Amino acid sequence: MRLLTHNMLSSNIKGVINGFPLRIEADNVVVKQVDFNPDFLKNMFSKIDWKALAEASKIMGYPELPDETPDHSILDSDDFLQKFHHALLELHLEEGALVCPETGRRFPVNKGIPNMLLHEDEV
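Residues numbered from 1 in each chain as written. Predicted model: local features only at pLDDT ≥ 70, side-chain atom pairs only at ≥ 80, totals over all residues. Heavy atoms only, no water.

- Identification of the protein as Multifunctional methyltransferase subunit TRM112-like protein from Deinandra increscens subsp. villosa is taken from an unreviewed UniProt entry.
- On record in UniProt, under Sequence similarities (unreviewed entry), the comment for the protein is "Belongs to the TRM112 family." (UniProt positions renumbered as here; feature names shortened; annotations may be inferred.)

Here it is, written out as structure tokens:
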């Protein structure tokens, strides 16, 4: 699971008000090379919850992103775009779990696929 995907997921358990961001428990992280596309990154920058991405990136072993949301002018920096690209698209959570910040419910991630199915009593 890429951090791009993680940044879009939240816990939809009945009654949960604060289901984002899901905390990552990483058992196995792999790096998968992806073609660099600066136009895609520039377009995605404003759609990303930066604080969630920076924290998830650190948990996955890549502390290179700034903690605070950078100014849009940083999109002119090739160095920044490379780091953003690596964190967003090349880091993959292969095995582990996503944890609801409100309830502590663990959603397993196996072979890079998060299982977000809810139990009957959670719907």
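**Overview of the environment of Pro 108**
Logical step 1: Following the sequence through the fold, Pro 108 ends up in strand 3 (residues 106–110).
Logical step 2: Between the C-alpha atom of Pro 108 and that of Gly 96, which follows or precedes it by 12 residues, the distance is 6.1 Å.
Logical step 3: In contact with Pro 108, other than residues within four places in its own chain, are Gly 96, Ala 97, Ile 113, Pro 114 and Asn 115. (Helix = DSSP H or I, 4+ residues; strand = E, 2+ residues; numbered from the N terminus. Contact = heavy atoms within 4.5 Å.)

**Observations regarding the packing of aromatic side chains**
Any pair of aromatic rings gets described here by the distance separating the centres and the angle formed by the planes.
Logical step 1: Evaluated as defined, the whole model comprises 6 aromatic pairs.
Logical step 2: Connected via pairs of aromatic rings, a cluster forms that spans Phe 45, Trp 50, Phe 80 and Phe 84. (Phe/Tyr/Trp six-rings, centres within 6.5 Å; stacked < 30°, edge-to-face > 60°.)

**What to know about the packing of helix 3 (residues 50–59) against helix 4 (residues 78–90)**
Logical step 1: Look at helix 3 against helix 4: their axes get within 10 Å of each other, and the N-to-C directions meet at 75°. The orientation of helix 3 relative to helix 4 falls into the category roughly perpendicular. In contact with Trp 50, Leu 53 and Ser 57 of helix 3, helix 4 contributes Phe 80, Phe 84, Ala 87 and Leu 88.
Logical step 2: In the contact of helix 3 with helix 4, the residues fall into 6 nonpolar, 1 polar and no charged. (Axes fitted to C-alpha atoms, helices over the stretch in contact; angles between N-to-C directions. Parallel < 35°, antiparallel > 145°, perpendicular 65-115°, else oblique. Nonpolar A, V, L, I, M, F, W, Y, C, P; charged D, E, K, R; others polar.)

**Concerning the nonpolar core**
Logical step 1: Counting 32 residues, the largest nonpolar core has Trp 50, Leu 53, Phe 84, Leu 88 and Leu 98 as its most contacted members.
Logical step 2: It is helix 4 that contributes the most residues to this core, 6 residues altogether.
Logical step 3: Look past the residues within four positions of Leu 53 in its chain and what remains in contact with it is Leu 3, Asn 7, Ile 48, Leu 65, Phe 84 and Leu 88. (Core = buried A, V, L, I, M, F, W, Y, C linked by side-chain atoms within 4.5 Å. Buried < 20%, exposed > 50% of the residue type's maximum accessible area, 1.4 Å probe, protein only.)

**Re the environment of Asp 67**
Logical step 1: Along the chain, Asp 67 falls in the loop between helix 3 and helix 4.
Logical step 2: Considered as a pair, Asp 67 and Ser 10 are 57 residues apart in the sequence and their alpha carbons are 21 Å apart.
Logical step 3: Residues in contact with Asp 67, not counting those within four places in the same chain, are Trp 50, Lys 51, Ala 54 and Lys 58.

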